[in-house]
Amino acid sequence: MRITLKDGSVKEYAEAKSAIEIARDLSEGLARAACAAKVDGEVKDLRTVLDRDCTLEILTAKDAEGGLSTLRHTASHVMAQAIKHLFPEAKLAIGPSIDSGFYYDIDFPEPITADDLPRIEEEMRKIVKEDLPVERFELPRAEALEFMKDEPYKVELITDLPEDAVISFYKQGDFTDLCAGPHLMSTKGVGKAYKLLNIAGAYWRGSEKNKMLTRIYATAFPTKDELDAYITRIEEAKKRDHRKLGRELDLFMLSDYGPGFPFFLPKGVILKNALMEHWRRVHKKAGYVEISTPIILNRVLWETSGHWDHYKEDMFTLSTEDGEFAIKPMNCPGSILVYQNEPRSYRDLPLRLAEPGIVHRNEKSGQLHGLMRVRCFTQDDAHIYITQDQIKDEVRRIVEIIDNMYKLFGFTYGVELSTRPEDSMGTDEEWAAAENGLREALEALGLPYTINEGDGAFYGPKIDFHLVDCLGRTWQCATIQLDFQLPQRFELEYKGEDGLKHRPIMIHRVVFGSIERFIGILIEHFAGAFPTWLAPVQVKVLPISDKFEAYAKQVEEALDAAGIRVESDLRSEKIGYKIRQAQLEKVPYMLVVGQKEEESGLVSVRSRFAGDEGQKSLEDFIAAIQEEIRTKVLRENVKEA
Ligand SMILES: [Zn+2]
Ligand SMILES: [Zn+2]
């Protein structure tokens, strides 16, 4: 048989060989590092016997998919084995690898706590050190059930397997688990860079009707450095949690009376308004007009749009004496009614109807998360009606808006182009024109992008933007979607240059996505220390004693008149305390005023960016901060001691 390796070279063998044997034949080092094998593009166990021509790639822990996931899954078996040693009565459910590590769901007779985790880690260390070979075997169904008779969750899993399924097990020392694999060759391969992170409740098979099990989250990496970097990152993320900072900085609140419906507090509203004021200026300049459409609209409209048939589960609906209505989960149908409000001609196109519209979606309560996953949010939406010739130019204009907006916050981003799925509507010509338009726009802008073949919506291709925050986490925010379907369903028309009626193409696009979620991302990205133009309070005036209250008020009024968001701290507290307080509130500028300042009309400036900036005349300070707000520069914060 001929085995084609990753570098294109070919190895020939007279008889069948397992992937690990071939790895050993290539090099001992490779065999030691091997985690799994990719055979004809499919991730397989190293024990897989190859007996015909194929391509083969040996995966190591450096390969996130297949390699690292196999290391982590073996670590999950080691964890389960350690738990069985320490808690012989514990029953095992499932223990997969996930993007950030792995977990195991376990039914403990007595609940365990985080204090038990170090002990489990200690036991894992022994098992890894023992270098137990991991062996795979298969059993017929009846024997498999008998073999697992003391593990009720495994019995249920086996029972649910299809009739012809291969039932495989992996054994290491005194521990055997029902498992499809793949796995490392021995427990030693797990190495030393793993950590049990936390405990959570998880329903068996994700259903509230079933028993709540204990889920132990853990992670593993090829090296200690990578593990340490990961732990630092999650600790930093915890400190930046937008729910915690949102409370500390008085930005928003949540209430059990409205699960998933965030309340914005005065400072949060100021932040949101500052963000949207900029958004409006940018869009006005780019030729958009803003509309506002109703939140509640008649069922017939949602039937025409297709939402009633395909999206009803996620919609809030209500009955009135005028019939059935739905609260809008999307802004598109409202925008379409505005388009249809008057006859349109080619001269009107592109018609750019912006709408920061509030939408409601009935997300499952278990999915809700602060501002990141909510039931009510504002989409910074716009629907653009264009001719086919206008695709490329219009997409280029949208990408420019997105690019400028993200740069403003210091975000980098990745771009994905998703093309025609198998089940789609529209003609071949329409799809080709649309996909080429998107591609040409990205290429004209020189933007690198990846292609998700066949991952577009059934109504048209799309471009998604994944922004990267300061912790290296990615968030899908902006999207540009071309749509052939809604214009057809609503029979949209415009009169062409030829005097005939034509159908426009519709673009759905957002820049922030959900404004609320974007604010959540900004809170975590900036750790609450927003750039001056966004900060709810931009300047805090701090008199050093009661005697200078009048001068502090005078400074405050001058700043307010100049359009700066300002507060004074007139409490009879020590100046050091007031400064500390303003620092905790992450206010960009503090103006300390006392005798000297009052006499000479000066202010002593302390900033988040440079610490003590010395004395300035009030006029100079106002001119400088106005310039900073106007240009929206990102100033680096001084590292806190
Ligand atoms: Zn397994
Ligand atoms: Zn839309």
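Residues numbered from 1 in each chain as written. Chains lettered and ligands numbered in written order. Predicted model: local features only at pLDDT ≥ 70, side-chain atom pairs only at ≥ 80, totals over all residues. Heavy atoms only, no water.

(A) Region of the structure containing the overall build of the protein chain. Along the backbone of the protein chain there are 20 helices and 35 strands. By principal-axis analysis of the C-alpha atoms, the protein chain measures approximately 90 × 75 × 60 Å. Counting over 641 residues, the protein chain shows a buried share of 50%. Sequence-distant contacts in the protein chain: of pairs separated by 6 or more residues, those separated by 24 or more amount to 68%. Summed over its atoms, the accessible surface of the protein chain is roughly 31400 Å², and 49% of this surface lies on carbon and sulfur atoms. In the protein chain, the 85 positive side-chain charges and the 108 negative ones have mean positions that sit 4 Å from each other. (Helix = DSSP H or I, 4+ residues; strand = E, 2+ residues; numbered from the N terminus. Buried < 20%, exposed > 50% of the residue type's maximum accessible area, 1.4 Å probe, protein only. Contact = heavy atoms within 4.5 Å. Areas by Shrake-Rupley, 256 points an atom, 1.4 Å probe, with all protein chains shown as cover. Lys, Arg positive; Asp, Glu negative; His and termini not counted. Charge placed at Lys NZ, Arg CZ, Asp CG, Glu CD.)

(B) Structural context of the coordination of the zinc ion (ligand 2). Each protein donor to the zinc ion (ligand 2) is listed here as Cys 332 (SG), His 383 (NE2) and His 508 (ND1); together their distances run 2.0 to 2.4 Å. Along the chain, the residues donating to the zinc ion (ligand 2) are arranged with the sequence spacing C-x50-H-x124-H. Taken together, the positions of Cys 332 in helix 12 (residues 332–339) and His 508 in strand 30 (residues 505–514) put the pair 176 residues apart, joining distant regions of the chain. Overall, His 508 belongs to the buried group, its relative accessible area being 11%. (Donors = N, O, S within 2.8 Å, 3.2 Å for Na, K, Ca; no water.)

(C) Expanded view of the environment of Pro 266. Residue placement: Pro 266 occurs in helix 9 (residues 266–285). You can call Pro 266 exposed: its relative accessible area is 65%. With 262 residues separating them along the chain, Pro 266 and Thr 4 place their C-alpha atoms 64 Å apart.

(D) Layout of the coordination of the zinc ion (ligand 1). Binding of the zinc ion (ligand 1) to the protein goes through His 73 (NE2), His 77 (NE2) and Cys 179 (SG), at separations of 2.1 to 2.3 Å. Sequence positions of the residues that donate to the zinc ion (ligand 1) give the spacing H-x3-H-x101-C. Highlighted residues: His 77 in helix 3 (residues 64–86) and Cys 179 in the loop between strand 13 (175–178) and strand 14 (194–203), separated in sequence by 102 residues. Of the two residues examined, His 77 and Cys 179, each falls in the buried class.

(E) Region of interest: the sheet that holds strand 13. The strand order across the open sheet built from three strands is 11-12-13, with neighbouring strands paired in antiparallel fashion. Lying at the two open borders of the sheet, with one neighbouring strand each, are strand 11 (134–138) and strand 13. Along the sheet, successive strands turn relative to each other by an average axial angle of 25 degrees, direction set aside. As paired strands, strand 12 (residues 168–172) and strand 13 are joined by four bridges and run antiparallel to one another. If you follow Phe 169 over to strand 13, its bridge partner there is Leu 178. The sheet strands contacting helix 3 are strand 12 and strand 13, and the helix crosses strand 13 at an angle near 125 degrees. (Pairing = 2+ DSSP bridges. Axes fitted to C-alpha atoms, helices over the stretch in contact; angles between N-to-C directions.)

(F) Molecular detail of helix 9. Its 20 residues place the ends of helix 9 29 Å apart at the C-alpha level, agreeing with the 28 Å of an ideal helix rising 1.5 Å per residue. Considered for burial, the residues of helix 9 that qualify are Gly 268, Leu 271, Lys 272, Ala 274, Leu 275, Met 276, His 278, Trp 279 and His 283. Of the surrounding secondary structure, the elements contacted by the buried residues of helix 9 are strand 17 (263–264), strand 22 (351–360), strand 23 (376–386), helix 13 (391–408), strand 30 and helix 16 (515–525). (Expected span 1.5 Å × (residues − 1).)

Geometric values such as these leave the question of function open.
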